[in-house]
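Spelled out, the chains give:
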Amino acid sequence: MSDETTEGAKPKKKKGGLMKMLLMIVGLLVLVCGGVGGGLYAAQAGWLGGGGDHAAKVDEPGLVPKSEQKRAGEEGGGGHGEEGGESHEGTPTPEGEGGEQYASNYYTLEKEFTSNLQNSVHFIQVGLAVATHYDDRVIQNLRTHEIAVRSAVLMTLSETTEEQVFTVEGKRQLQKRLVDAVNDVLKQKEGFGGIGNVYFTNFIVQ
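Residues numbered from 1 in each chain as written. Predicted model: local features only at pLDDT ≥ 70, side-chain atom pairs only at ≥ 80, totals over all residues. Heavy atoms only, no water.

Caption draft 1: Quick look at the overall build of the chain. Broken down by element type, the chain carries six helices and five strands. Buried positions account for 33% of the 206 residues belonging to the chain. Surface accessibility of the chain: about 13,300 Å² in total, with carbon and sulfur atoms responsible for 56%. (Helix = DSSP H or I, 4+ residues; strand = E, 2+ residues; numbered from the N terminus. Buried < 20%, exposed > 50% of the residue type's maximum accessible area, 1.4 Å probe, protein only. Areas by Shrake-Rupley, 256 points an atom, 1.4 Å probe, with all protein chains shown as cover.)

Rendered as C-alpha cells:
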C-alpha cells in the first residue's frame, strides 16, 4: 500500500516544479520588459543624456509678451541705446512670428545699402530696419554677424529687377526676400533666425 501511495505522489512533485519554473520565467520577462520600457521613457524624457535637443530649444530666444513691451520715451529706452533699437507699437508681421499679441523690437542697420539692379544701368539705395518679436538675443545675433547680413542683403538687392522696385507689390516681395536672406544668415551662424520683417527707411532708384 505504501509503495503505491509513494508512486502516486511523484507526478504531483513534477507538476509543482514545472509551475515554479513557469512563474519564474514569466516574472523574469516582466522585469525585462519593464526595464526596457522604463529606459525608453527615460531616454525620451531626456534623463539619460538624450535631451540635448530639448536643452537647445530651451536656450533659444523667446517671444516677448506685449505687456513687457517698452514704449518710446520710457526711462531706459528700448533696450538698444542710441542705435535705433527702441521698441514701439508693433505692426502685423508674417504668419508664424507672433502677431500683435507680442512686442515688436526694432533695430536700424546703420549704413545704407547700394547695389546695381539686375540687367539694368540703374542702381538702388535703401536703408533698412528689422523687426522681431523675440528677445534681445536676436538683435545681438544680428549685430554680431552684421557683415555677413550686409553681404546677403546686397546679393538679394543685386538680383532685383527694375519692374520690382517701381511697384508696391514688387517692393513687398523684395521685403520678404530680404527677411529670408537675413534669417538664413542668422540660422547658419546661430541656429535661429527670429526676424519677422524688414522695413525700408530709405528707398532710392537712380
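Caption draft 2: Inspection of the packing of helix α4 (residues 146-158) against helix α6 (residues 168-190) at higher detail. Viewed as axis vectors pointing N to C, α4 and α6 meet at an angle of 145°, and their least axial separation amounts to 9 Å. Crossing handedness for the pair α4 and α6: right-handed. Mapping the contact onto sequence places A148, V149, A152, V153, T156 and L157 in α4 and L174, R177, L178, A181, V182, V185 and K189 in α6. For the contact of α4 with α6, the per-class residue count stands at ten nonpolar, one polar and two charged. (Axes fitted to C-alpha atoms, helices over the stretch in contact; angles between N-to-C directions. Left-handed = near helix turned anticlockwise from the far one by under 90°. Contact = heavy atoms within 4.5 Å. Nonpolar A, V, L, I, M, F, W, Y, C, P; charged D, E, K, R; others polar.)

Caption draft 3: Focus on the environment of V185. Note that V185 resides in helix α6. Residue class for V185 comes out buried when judged on its relative accessible area of 9%. Here the alpha-carbon distance between V185 and R150, two residues 35 residues apart in the chain, equals 9.8 Å. Those residues within four positions of V185 in sequence are excluded, and the remaining contacts are A148, V149 and A152.

Caption draft 4: How the structure looks around the environment of N119. Mapping N119 onto the fold places it in the loop between β3 (113-116) and β4 (123-132). Given a relative accessible area of 80%, N119 falls into the exposed group. Along the chain, N119 and S158 lie 39 residues apart, while their C-alpha atoms are 9.2 Å from each other.

Caption draft 5: How the structure looks around a nonpolar patch on the surface. Nonpolar side chains collect at one region of the surface, where L18, M19 and L22 lie side by side and expose about 300 Å² of accessible area between them. Note on placement: L18 falls in helix α1 (residues 2-45). Taking relative accessible area as the criterion, L18 reaches 52% and is therefore assigned exposed. (Patch = residues over 30% accessible without salt bridge, like charges linked within 9 Å, V, L, I, M, F, W, Y side chains within 5 Å. Salt bridge = Lys/Arg side-chain N within 4 Å of Asp/Glu carboxyl O.)

Caption draft 6: Inspection of the environment of N141 at higher detail. Of note, N141 is situated in helix α3 (residues 136-144). Look at N141 and you get buried, because its relative accessible area is 14%. Distance from N141 to K189, taken between C-alpha atoms, is 8.5 Å for residues 48 residues apart in sequence.

Caption draft 7: Representation of the side chain of T132 within the structure. For T132, the location among the structural elements is in strand β4. Separated by 3.0 Å, the side chain of T132 and the backbone nitrogen of Y134 make a polar contact. Aside from chain neighbours lying at most four places away, what touches T132 is A103, S104, N105, V138, I139, G194, I195 and G196. (Polar contact = N/O pair within 3.5 Å; in protein donor to acceptor, adjacent residues only side chain to side chain.)

On their own, these measurements won't tell you what the molecule is for.
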